Amino acid sequence: MENILNRIDKIARHEGITITALEQRIGASKGVLSRALKKDTDIQSKWLVRICETFPRYNAAWIISGQEDMLRNENSRKANRIPFYKDVDEVRAVEEPENEYNLSYIDPGDWFPGATAATLYYNTSMKEYAPGCLLVLRQKHKIDELIWGEHYIIEYGDNRLLREIQPSEDKDYIYAYATNEATYLDGRYKYPPVKIGKKDIRSIFQVLGYVCKRQDNGAIYSTD
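Residues numbered from 1 in each chain as written. Predicted model: local features only at pLDDT ≥ 70, side-chain atom pairs only at ≥ 80, totals over all residues. Heavy atoms only, no water.

Next up on the list: the environment of Gly132. With respect to the secondary-structure elements, Gly132 resides in the loop between β3 (117-121) and β4 (133-140). Residue classification places Gly132 among the partly exposed residues on the basis of a relative accessible area of 34%. Through-space distance from the C-alpha of Gly132 to that of Lys86 is 9.8 Å; in sequence the pair is 46 residues apart. Those residues in contact with Gly132, other than ones at most four positions away along the chain, are Leu120, Tyr121 and Tyr122. (Helix = DSSP H or I, 4+ residues; strand = E, 2+ residues; numbered from the N terminus. Buried < 20%, exposed > 50% of the residue type's maximum accessible area, 1.4 Å probe, protein only. Contact = heavy atoms within 4.5 Å.)

What follows is the structure in structure tokens.
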């Protein structure tokens, strides 16, 4: 008889990804789902919530009980309005964003499931992103959920920067690296690595993806 774990496995196969990749997508440690599938044991309800949030086109009723269709009716999708910032320096954690700071909002649709914010990017420290592109973000609430080598916007002290993160030899710190390795004439990096104390991090947002416009025909992202 098909159970929740079988349906989660079916989601992974339908998405064309492995269970390990699905674990990463929902912020779970490696093996959380694969071990449960192998041993046919229960999983914590928080992972069901994460799966529903990360893969919104799948019917939550189907995931939990097997009832109704696997895929949701696209015409019934609710708008997912997330805060939109004009620059990385404005990105911040806001508990009740609709009541604060007079923010603008966008709806990322189903392209970026689990997105919680978006910002324009004008820096040159990360070679993957052209100045002026739109970064789509997901706020992470636990340092232990970070994935080394991924790109994050880190808010610490009065600073905010977009960097690739790597572990430090000191477990209480992380390293933040720019992928643009440009140097000054004297050989110094224009964007040197930054060592950040975990206790100093106020908020951190993972980059889910980005969008670039090839023609400048006016702003299209912001909705007040």
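One pair of aromatic rings is described through two measures. These are the centre distance and the angle between the planes. Tallied over the entire structure, the rule returns 4 aromatic pairs. Between Tyr129 and Tyr210 the ring centres are 5.1 Å apart and the planes differ by 80°, which places this aromatic pair in the edge-to-face class. One end of the pair, Tyr129, is in the loop between β3 and β4; the other, Tyr210, is in strand β9 (residues 201-211), and 81 residues separate them in sequence. With relative accessibility at 8%, the residue Tyr129 sits in the buried group. The partly exposed category is assigned to Tyr210, whose relative accessible area is 41%. Both rings, one in Tyr175 and one in Tyr177, keep their centres 5.8 Å apart while their planes meet at 45°; by these two values the pair is tilted. When its relative accessible area of 31% is taken as the criterion, Tyr177 is described as partly exposed. Ring pairs connect the aromatic residues Tyr121, Tyr129 and Tyr210, which therefore count as one cluster. Taking the ring centre of Tyr173 as reference, the NZ or CZ of Lys195 above it sits at 5.1 Å. (Phe/Tyr/Trp six-rings, centres within 6.5 Å; stacked < 30°, edge-to-face > 60°. Lys NZ or Arg CZ within 6 Å of the ring centre and 35° of its normal.)

These figures capture arrangement, not role.
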